[in-house]
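Working through the structure, step by step
Listed below are the residues making up each chain.
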Amino acid sequence: MALSRRDFLKALGASGAGITLGGNAAFAKQDAIIVEDPRQSYPNTSYTENMYRGEFSYTYGEKEDHGTAYHCVNCQGNCAWDVWVNNGIITRENQVANYTPINPKIPDFNPRGCNKGVQHSHVTYEKDRILYPLKRVGKRGEGKWKRITWDEAITEIAQNIYETMLKKGPEGLFIHVGAGMLTEARGAAGKRLGTLLGAVRNYIASYVGDMFPGVTVVYGEGNIGCSYDFFYTTNVNIWWGQDPNKTRIPDAHFLWEGRYNGAKNIVITPEFNSTCIHADLWVPVKAGYDGFLAMAIINEIIQKKLYKPKFVKHFTDLPFLVRLDNKKLLRLEDIDPEKSPELDHEVFKIFEEKGEGKEFEPHATFFSWNTKTNKLTVMPGTEGAPVKTLRLKDVGWDIDPALEGEWEVTLKDGKKVKVTTVFELVKKEAQKFAAEKTWKLTGVHPTIVEQLAKEIALPKVVMISMGFTIGKYFNGMLAQRAIASIPGLVGRLGPYGGFNTENEWAISGMGKLSGFAGKYKQRFASGFVQEYVLGNMLKDVEKLYDDEDIRRATGLSKEEYLKKVKEDLDNFGNDEKWKENFHNKDGKPYWDTVETFLIFADSRFRRNKGATYREAFLKKAKFFAYVDWRMNSTAQYADIILPAKSMYEVWDLRTNPGYHRYANMAQPPQNLKPIGEAKSEWEICTMIVEKIQELAMKKYKETGDEKYIKIPDPTHSKTGYRELDKLVEEYTKGGHLRTDRDAVELALESVDQFKPNTIETIRKRGGFLQLNEKAGKTSPLYPDKPYNSFENNLYLFERFETLSGRLTYYVDHDRWIEAGAAVPTAKEPIRPKRYPFVLMTPHARWSIHSTYKESSLLQRLQRGVPYIMINPEIAEKKGIKDGDEIKVFNNLGEFYAMAKIYPSCPKDAIIIEHGWEPFYFKGNISHNTVNASPLNLLELSDAWGHLKFGGNWDGNQHAYETTVDIEKA
Amino acid sequence: MAKRQLAMVMDLNKCIGCQTCTVACKTQWTNRNGREYMYWNNVETHPGAGYPRNWMEAGGGFDDQGNLKDGIIPDMVMDYGVPWDYNHDEIFNSSADEFVLSPNTDPVWGPNWDEDVGIGDWPNSYFFYIPRICNHCSNPGCLAACPREAIFKREQDGIVLVDLERCQGYRYCIAGCPYKKIYFNPKISKSEKCIFCFPRIEKGLPPACAHQCVGRIRFVGFLDDEESQVYKLVHKYKVALPLRPDFGTQPNVYYVPPVLAPPKFDENGKPIENEQRLPMEYLEKLFGPEVHQAIKTLEEEMAKRERGEESELMDILIAYNHADMFRLDHNYYEKIAAEQGLKGSEYFKIVDVRYIQGANTKKVEGVFGKVYFETQPALKKEEENKEHH
């Protein structure tokens, strides 16, 4: 029966009962309170109100006790939080929301944060928290642990490190801070320890597959772009292989505020993701065909003459001349500058004069054909030219290089060769990918390619952002490069937009924390190669890919491909080979010499692809100590586990990446009760050096033999030794750098861009500082304008850090020419065709890699167990219903997960968000089991111009190159 | 009617479905004491079953005659979802080969079970997000349904609360609320619900869901404050609409409806001009017939901005300064506290001065005749009081 409140009262009135007592008299326990109309007023509000007020006061605690923090994981968000605490217990966190607006007409950065950071207080006290030092007493992975004291644990670690140093030298050590701690002050503890001891470590971005090597090819560096408020000021934003609504949560508001301000958002992804939902255009590209689409756009831009000739001539290598006989760039070493009949000798001479003492480097000096003089003309600004500006017109020279044409040039030996421009070759290559031809492969209709070309070329400010998924394909490096090649054609740098991966600020002086003023060098290993070798990942590659797959993706037979990979690997490994071959041969250093492992915050058994990694690693590891604040699938197999402090318990500082212009400081709440026996990494590392020194000194005193305190290291120590009697003095800078707080203070003193700031001023503001104007790398950081890279290049004609000094479209490394990749191009995915679905594993909304995947609060907002998204039509064909357990398999293995019917999933793919620890799955077997990560020969190449192993030129571990089938379990 | 009414406006074009609000609310109020399964704030994917499952079909609210309609109490397992826990501790004493981190009950439904699912088929599927809190209705279904008169609207700001002293846990309110935003707490046998974070507001902090919303979609203020964004969005521009106005409860939470969606594709993959990916019928079902005008206004104002013209509406929705999204009128609450004899108590001690302006904030004239708010009025008063003593 439906009865309104009014009717109910009326009914009571009619019966003549209870009217004076109100409608509730019949239910009252004690004295009835008369309530006339609770919509208007209520007599008894304070009981309820005071209860909730009391609860709030409890969670809030006292302002003076609050800490400040950010979440130093690999999300790169870097958001300032106020940590609430009561009675020494962290109750919750609330954004500080106090970042200073830079301009009243541009939205501010408040209140940065996300669904994961907002519950760190919860996981801080979760039952998987490591509370005490633990020693393995069963077999590795057997789950039998003994609680030991800190001294016992540190002694065992120090002993193992010391013994390894004595027996194998520093190259036997692997000391590494992983992606769980990407922070400047805190992460420096383990790095400093590794540097001091000469240990090996490897590149994080490479092994997680989040590198941008293809961008380095073009721009000379991978991490470029803008602060996120820039997206508010653009006309068009392209989000390529990216889902900022999910993976850039703190910054996503700038997209939609930008939309209200008149900017278009265009998303290019295979699945209709959470950013697509409000986009102006979504481009459903087929998984792995992004490079083909980029080449189609390049073709459209060239054919429709949408490129900007004047810009291209100044800022790209497109007018550079290429020899048609061997496809090599025409270099100064090819001709005789004295005798060459084609050369503009005048310009050549002026360059020599203006070179301020610098001379031509014949191998790195290049030419164009000057239409003003009709002569072969040396180009300024290249690595080998004495004149470093990119200006084409200056006192003494006036170059208008031809973009199109063919000429004859006389070589040193008098032979004549034909040359053409890079532009001609790019144009020719792009034609192969014309929209009409590639439509069936990319799934993108030619009208969309036409539209994209216009949207990119015509408006005033256009920004192309590229996500991490692109690099996770086998030929993703080429796709990255093709996409990154687009904005240079249409004149986009600095204020006109351009290309965005992840901006990085210049932070000078932070090296004091992890380094020793150049006295000691790190042993850097390539991320993707070292993991491949350590984990014997070749085995899965051989198993998953057949000859046809490899031919399709590389143009080589399986046999040829594997032979070449082996050759590259053979160039490196131990210290001797490293010395001889570094930048002389293809391949990357990987140090298979390591045997004693000390690893911080790096769940590598979760992360690595394939089924072989863990077993191979453990076989290699004579000793394996692991430091983290929670148990994970890597800690499960360690010999010693140390309990680290978590993010609200430490002092820390973080600046990069440059999504915003603030550096955040973590400061533990006052009077915080210790959580177990957790210690900060700085304290842990200080204890380790103290113990190593103690052990070494003891041995030295016993024997009188210097070899026990002087470990030879001719390649990575300036003194030729690692001096163990000075460890503590050196590590702690004479006692000044022992704790996490010391590290923060040193960073504040040392880093120019932080000035003027102290712990007190930062705390007052709410746990952050604003970087000063020196933080801009390639543009000024204006006080009132968003940042974007390369303004200095555009306006001051500064050269880029590339071989050509310009945006680079031509790589004449032999291997690249051989692979047909001298100019931007695209190649097919390597994934096997014998299974119907690509396995896509994008970054998740609910975790940062594996961090926070175990949170019960967050799991309740998902499905509680790993789930796989499947297109409804596919599910129906396979007889799978939502919620069913399904088996996912190929010839590498199988794993089980819950099916989620997902209309936005393409029909040729299934999606499982990445980051699930193996122990979430039946049999401890995760989605990585069906995956293999083959090495790409172009990513292994080295020793060409700016493509030399380092932070900008490593490769990626791939994740999107497997196919699977599914069935109901 | 309460004397004044606090309101919230949520802009669905800016909502990114990140659930930071949900978790902020959870750690503020519902991670304890029998509230674990409750989501005073949830974000649901639409079209979809929502949370609790199929709440739109679960009755309650009023018919055209103003009569309360029958409703049901959702099922804990199938509609709300059991808040499962994990065997986290077992990782320390289990063999890695055998240990499986797993929920202590088989998950079959949860508050975000159909996250991002929506409807349609690739490449023409669609979905969007709707965050939901208690609507703090002017004519609350829960209040009408309570046989004990244990639910009331605060006189000073219209926040709807359950009198926890008086509530006996009969649960008529749950059936009566058409939004199913009032919950039974099995631990204390009483109903509980979103309280619009009044203890935060009284101390100068916006509600957790709004303050911590990183999409910056939520505006909070009094509806009678003509300078507040909520007033302007609801009354001046009429672009903020209540969810399911047909339920008859007169919500005080309003939504800027979604107007942004990419074009659909024909069978060749060519974008189709002039066909909406988001069907208007669905939006009309959610937001009533006013949605047509609201979308028209939004589109017109967006077009202005694309032409480089000024638009106050766009300025408001962009929200340049996060702090400006909230007008909590602390001076007004101080007055109430004085009337209730609570002035100077811990409960009204201001913890943040950034959001406390409002209709009762004194203004001072600046040098160019521009009127400014007197900053930090409450603090100043406190200091004055101290000086008196």
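Use the structure listed above.
All of the points below concern the structure found in this document. (Residues numbered from 1 in each chain as written. Chains lettered and ligands numbered in written order. Predicted model: local features only at pLDDT ≥ 70, side-chain atom pairs only at ≥ 80, totals over all residues. Heavy atoms only, no water.)

With respect to empty space enclosed by the protein
Residue and element names in this part refer to chain A. Per the stated rule, a full pass over the model turns up 14 cavities of 30 Å³ or more. In terms of lining, the second largest cavity is formed by 26 residues, of which the most central are Ala 179, Gly 180, Ala 601, Asp 602 and Thr 851. Broken down by secondary-structure element, the contributors of at least two residues to the lining of the second largest cavity are helix H24 (604–607) and strand E22 (623–628). It is E22 that contributes the most residues to the lining of the second largest cavity, 3 residues altogether. Taken together, the residues of the lining of the second largest cavity sort by class into 12 nonpolar, 7 polar and 7 charged. (1 Å grid on protein atoms, 1.4 Å probe; cavity = no way out; pocket = protein on both sides within 12 Å on 5 of 7 lines; lining within 4 Å. Points joined across faces, edges and corners; volume = space filled by probe spheres on them. Helix = DSSP H or I, 4+ residues; strand = E, 2+ residues; numbered from the N terminus. Nonpolar A, V, L, I, M, F, W, Y, C, P; charged D, E, K, R; others polar.)

Considering helix H22 (residues 558–570) of chain A
Residues and elements named next belong to chain A. Compared with an ideal rise of 1.5 Å per residue, which puts 13 residues at 18 Å, H22 spans 18 Å between its outermost C-alpha atoms and is within 8% of the ideal. All buried positions along H22 are accounted for by Lys 558, Tyr 561, Leu 562, Val 565, Asp 568 and Leu 569. Considered in projection along H22, the buried side chains sweep an arc of 120° and stay on one side of the axis. Seen from the buried face of H22, the exposed residues on the opposite side, beyond 90 degrees, are Glu 559, Lys 563 and Lys 566. Close packing links the buried residues of H22 with helix H19 (527–534), helix H20 (538–544), helix H21 (547–554), helix H31 (814–818) and helix H34 (937–940). (Expected span 1.5 Å × (residues − 1). Buried < 20%, exposed > 50% of the residue type's maximum accessible area, 1.4 Å probe, protein only. Arc of directions from axis to C-beta. Contact = heavy atoms within 4.5 Å.)

Quick word on the nonpolar core
Residues Tyr219(A), Trp240(A), Phe617(A), Phe624(A) and Phe287(B) are the most contacted members of the largest nonpolar core, which totals 373 residues. Sorting elements by how many residues they give to this core places helix H10 (residues 290–303) of chain A first, with 9 residues. In this structure, Tyr219(A) is in contact with Ile224(A), Ala484(A), Pro487(A), Leu493(A), Phe499(A), Phe790(A), Phe800(A), Glu801(A), Thr802(A) and Leu807(A), ignoring residues within four places of it in sequence. (Core = buried A, V, L, I, M, F, W, Y, C linked by side-chain atoms within 4.5 Å.)

Overview of the pattern of salt bridges
Where charged atoms from two side chains of opposite charge approach closely, those side chains can pair. Summed over the entire model, instances satisfying the criterion amount to 99 salt bridges over all chains. One salt bridge in this structure joins Asp965(A) and Lys878(A), with 2.7 Å as the shortest N-O distance. Remark: Lys878(A) occurs in helix H33 (residues 872–878) and Asp965(A) occurs in strand E34 (residues 963–968); sequence separation between them is 87 residues. Residue classification places Lys878(A) among the partly exposed positions, given a relative accessible area of 31%. Residues Asp884(A) and Lys968(A) are paired through a salt bridge, measuring 3.7 Å at the closest nitrogen-oxygen approach. In this pair, Asp884(A) is assigned in the loop between H33 and strand E31 (885–890) and Lys968(A) in strand E34, connecting sequence segments 84 residues apart. Look at Asp884(A) and you get buried, because its relative accessible area is 14%. When its relative accessible area of 41% is taken as the criterion, Lys968(A) is described as partly exposed. In the salt-bridge network here, residues are joined through shared partners; they are Asp243(A), Lys246(A), Arg845(A), Glu913(A), Glu115(B) and Asp116(B). (Salt bridge = Lys/Arg side-chain N within 4 Å of Asp/Glu carboxyl O.)

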